[in-house]
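Each chain is listed here by its residues.
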Amino acid sequence: ELKVEQNPLFLSMQEGKNYTIYCNYSTTSDRLYWYRQDPGKSLESLFVLLSNGAVKQEGRLMASLDTKARLSTLHITAAVHDLSATYFCAVDIRETSGSRLTFGEGTQLTVNP
Amino acid sequence: GAGVSQSPSNKVTEKGKDVELRCDPISGHTALYWYRQRLGQGLEFLIYFQGNSAPDKSGLPSDRFSAERTGESVSTLTIQRTQQEDSAVYLCASSPLNRPQHFGDGTRLSIL
């Protein structure tokens, strides 16, 4: 059974600081996603990582993938309050009948002024 | 609209009643997914439809849960004889084959 673990689950940080969220998964995967969820809202796709060594950046967020270590990271640079949200990683298991996402528990990020 | 549409947005019902949740996927998306999100937790996969293939029902938690989809259009998720542990947000997503999923805003289900 595929397991996806994120840490930390809760993160409180000051504006302007840097931090990294980690996502470990237990089996080979074709691709990995990062999503953002604001309270009471649905999920917003942030990044799709397709291959070993993939790195993608958008604004203050940068995601990377190491398929050999089965690890993805989401790095936050110079955090601002607007980044406060819950961040999920999700692993795509490509099966013969299609694909399904297995999600981590989420990291609840609070950026304090 | 251009996005995945779910209805109702909120549903409160008594334990033991049946509920039906609806999902309108993005036009042209062949794949449709249902997930459940309990408070403060990640998403649990429930069921996946792809075109005319047999659905992947491996995530349905019990035989009280069922889902249907007509062709590549609307899907309904039905929960019979609801229990309090069914309280959650039910999220629907759609995608073209093997492409990123787009999520709806969800149905918040509360069982009294």
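Keep in mind that what you see is a predicted model, and the values were worked out from it rather than measured.

### Quick look at the overall build of chain B
When helices and strands are tallied, chain B shows zero helices and ten strands. Here the C-alpha atoms of chain B give a radius of gyration of 13 Å, agreeing with the 13 Å that 2.2 N^0.38 yields for 112 residues. Considering chain B as a whole, with its 112 residues, one finds that 49% of them fall into the buried category. Counted over contacts in chain B with a minimum sequence separation of 6, partners at least 24 positions apart contribute 54%.

### A short note on the sheet that holds strand β1 (residues 4–7) of chain A
All names here are of chain A. Read from one edge of the open sheet, five strands run β1-β3-β8-β7-β6, paired in antiparallel fashion. The open sheet has two edge strands with one neighbour each: β1 and β6 (55–58). The average angle at which neighbouring strand axes cross in this sheet is 15°, direction not considered. Of the strand pairs in this sheet, β6 and strand β7 (residues 61–66) are connected by four bridges, and their pairing is antiparallel. The residue of β7 that forms the bridge with K56 is A63.

### What about the nonpolar core?
A:L32, A:W34, A:L74, A:I76, A:Y87 and A:L109 are the most contacted members of the largest nonpolar core, which has 26 residues in total. Elements that contribute at least two residues to this core include exactly β2 (10–14), β3 (19–25), β4 (31–37), β5 (43–49), β7, β8 (71–76), β9 (85–95) and β11 (107–112) of chain A. Per-element tally for this core: the top contributor is β9(A), with five residues. Counting residues in each nonpolar core, the second largest holds 20 residues, with B:L46, B:F65, B:L77 and B:C92 among its members.

### Quick word on the sheet that holds strand β3 (residues 19–24) of chain B
Residue and element names in this part refer to chain B. In space, the four strands of this open sheet follow the order β1-β3-β7-β6, with antiparallel pairing throughout. The open sheet is flanked by β1 (5–7) and β6 (65–69), the only strands paired with a single partner. Each neighbouring strand pair of the sheet contributes to a mean axis angle of 15°, computed without reference to strand direction.

### A few points about the state of the cysteines
Considering all chains together, one arrives at two disulfides over all chains under this definition. Disulfide pairing places A:C23 opposite A:C89 at an S-S distance of 2.0 Å. Taking the torsion about the sulfur-sulfur bond, which here is approximately 80°, the covalent link between A:C23 and A:C89 counts as right-handed. With A:C23 in strand β3 and A:C89 in strand β9, the pair connects residues that are 66 residues apart, well separated along the chain. Disulfide partner of B:C23: B:C92, at an S-S distance of 1.9 Å. The sign of the -65° torsion about the S-S bond sets the B:C23-B:C92 disulfide as left-handed. Remark: B:C92 occurs in strand β8 (residues 88–95) and B:C23 occurs in strand β3; sequence separation between them is 69 residues. What makes B:C92 buried here is its relative accessible area of 0%.

### Observations regarding the packing of aromatic side chains
A full pass over the atoms with the stated rule returns ten aromatic pairs over all chains. Ring centres 5.9 Å apart and planes at 40° place the aromatic pair A:Y35 and A:F103 in the tilted group. Of this pair, A:Y35 sits in strand β4 while A:F103 is found in strand β10 (residues 98–103), placing the two residues 68 residues apart along the sequence. Neither residue differs from the other here; A:Y35 and A:F103 are each classed as buried. Measuring from centroid to centroid gives 5.6 Å for A:F103 and B:Y35, while their planes differ by 85°, and the two rings are edge-to-face.

### With respect to the interface of chain B and chain A
Taken together, the contact between chain B and chain A spans 20 residues of the former and 19 residues of the latter. Looking at the side of chain B facing chain A, the largest losses of area belong to B:L43, B:N98 and B:F103, adding up to 29% of the total buried there. At the boundary of chain B with chain A, the tally comes to zero salt bridges. On the surface where chain B and chain A come into contact, there are two residue pairs in polar contact (both at pLDDT 80 or more). For the side of chain B that touches chain A, the element with the most residues is strand β5 (residues 43–50) of chain B, which contributes four residues. Grouping the amino acids of the side of chain B that touches chain A by side-chain chemistry returns eight nonpolar, eight polar and four charged.

Calculation criteria
- Residues numbered from 1 in each chain as written.
- Chains lettered and ligands numbered in written order.
- Predicted model: local features only at pLDDT ≥ 70, side-chain atom pairs only at ≥ 80, totals over all residues.
- Heavy atoms only, no water.
- Helix = DSSP H or I, 4+ residues; strand = E, 2+ residues; numbered from the N terminus.
- Rg over C-alpha atoms; globule rule 2.2 N^0.38 Å.
- Buried < 20%, exposed > 50% of the residue type's maximum accessible area, 1.4 Å probe, protein only.
- Contact = heavy atoms within 4.5 Å.
- Pairing = 2+ DSSP bridges.
- Axes fitted to C-alpha atoms, helices over the stretch in contact; angles between N-to-C directions.
- Core = buried A, V, L, I, M, F, W, Y, C linked by side-chain atoms within 4.5 Å.
- Disulfide = S-S within 2.5 Å.
- Phe/Tyr/Trp six-rings, centres within 6.5 Å; stacked < 30°, edge-to-face > 60°.
- Buried area = accessible area lost by both parts, 1.4 Å probe.
- Salt bridge = Lys/Arg side-chain N within 4 Å of Asp/Glu carboxyl O.
- Polar contact = N/O pair within 3.5 Å; in protein donor to acceptor, adjacent residues only side chain to side chain.
- Nonpolar A, V, L, I, M, F, W, Y, C, P; charged D, E, K, R; others polar.

Keep in mind that these numbers describe shape and distance, not what the molecule does.
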